[in-house]
Structure formats: structure tokens, C-alpha cells
Amino acid sequence: MKPVLDAVVKLVNTIRSRGLTHRQFRDFLQSVQSEYSDVLYYTKVRWLSAGCVFERVWQLKDDIVLFFHEKQCAAECEMLDDTEWLSDFAFFTDLLCHKNNLNVKMQGKINLSTISGPISKLLN
């Protein structure tokens, strides 16, 4: 899954790290009346938030492709046209989102009804 992670991080960094590109992307999202106004920034320090970053990129993937095609930089997002890569991306996004949800649930009071499998037998 490292190739998927690297590609998504590179795509987000391409948008976010250049001020002009980032402003243009936000303006583009506003002009197409997107549900979201920006992509989230990924950092290794906050690796548990990767699910949120991946989910946002997944939601904006069509807008990202349109944006880069308008800027005539289609090579930046060519992986978003590859169905095999997209299936890996979708799987990894779901996996990270479930991991994030589990992490959030584990931070509060332990609710034994939400935990199943071998761990629940240890906690009972």
C-alpha cells in the first residue's frame, strides 16, 4: 500500500505546497460548487489522520482531475484514471477510515458493545 500512500501524498503536496496552485485549486472548487473547499494536508506526525486525508482526496478525485486538466498538467493525476490503482486507493481509504474510527472509539470510555472478536473476550 506504500505506492498508494506515496501517490496520494505527492498529489496533496503538489496542490498544497505551492501557494499559487493552492489558491487556484480553492477558487476552482468554489467555482464548481464543490462540497469541500480544500484538500487536507497530510503529515507523518499525525499519521492517524491519513484516513481523513484519503477520504477527502477520494471525494474530490473528479474535481482534482478536472483542475489538472485545465492547468494542462494531466501527468500530475494520471493515476486517478487507472481503474486498478483506483481500486487499491478505495480499499486503502476504507481501511484507514475504519482504523481512524476505531482509534476515536478507543479514546473514550470503553464501550464493550462496540468491540467484537478476541479483544472483547479479554475485556469481559
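An unreviewed UniProt entry lists the protein chain under the name General transcription factor II-I repeat domain-containing protein 2A, with Araneus ventricosus given as the organism.

Q: Help me out: how do you make sense of helix H2 (residues 19-31) in this one?
A: Residues three or four positions apart in an α-helix share a direction because the helix packs 3.6 residues into each turn. In this model H2 runs 18 Å from its N-terminal to its C-terminal C-alpha over 13 residues, within 8% of the 18 Å that 1.5 Å per residue would give. Along H2, the positions that sit buried rather than exposed are Thr21, His22, Phe25, Phe28 and Leu29. For H2, the angular spread of the buried residues around the axis is 125°, confining them to a single face. Exposed and oriented more than 90 degrees from the buried face of H2 are Leu20, Gln30 and Ser31. Contacts made by the buried residues of H2 are with helix H1 (2-16) and helix H3 (50-70). Backbone geometry just after H2 places Gln33 at a positive phi near 55°.

Q: Hey, could you run me through the pattern of salt bridges in this one?
A: Where side chains of opposite charge bring their charged atoms close, a pairing between them can arise. Considering all chains together, one arrives at two salt bridges under this definition. Here Asp6 and Lys2 are joined by a salt bridge, their closest N and O atoms 3.2 Å apart. In this pair, Asp6 and Lys2 both sit in helix H1, four residues apart, roughly one turn of the helix. Residue classification places Asp6 among the partly exposed residues on the basis of a relative accessible area of 39%. Owing to a relative accessible area of 55%, Lys2 belongs among the exposed residues under this scheme. Two residues, Asp38 and Arg16, come together in a salt bridge whose shortest N-O distance is 3.4 Å. Taken together, the residues Asp38 in the loop between H2 and H3 and Arg16 in helix H1 connect sequence positions 22 residues apart. Judged by its relative accessible area of 27%, Arg16 falls in the partly exposed class.

Reading the values: the criteria
- Residue positions are counted from 1 within each chain, in the order its sequence is given.
- A pLDDT threshold of at least 70 governs which residues receive local features in this predicted model, and a stricter bar of 80 or more applies before side-chain atom pairs are shown or counted, although totals over entire chains, interfaces and linings include all residues.
- Excluding hydrogens and water, the side-chain values take into account all heavy atoms of the structure.
- A run of H or I in DSSP becomes a helix once it reaches four residues, and a run of E becomes a strand once it reaches two; helices and strands are each numbered from the N terminus.
- Expected helix span is given by 1.5 Å per residue-to-residue step, counting one fewer step than there are residues.
- Exposure categories follow from relative accessible area, calculated using a 1.4 Å probe and restricted to protein chains: below 20% of the type maximum is buried, above 50% is exposed, and the middle band is partly exposed.
- Taken from the helix axis, the directions to the C-beta atoms give the arc we talk about.
- Between two residues, a contact is recorded if the distance between any of their heavy atoms is within 4.5 Å.
- What makes a salt bridge here is a side-chain nitrogen of Lys or Arg within 4 Å of a carboxyl oxygen of Asp or Glu, nothing more.

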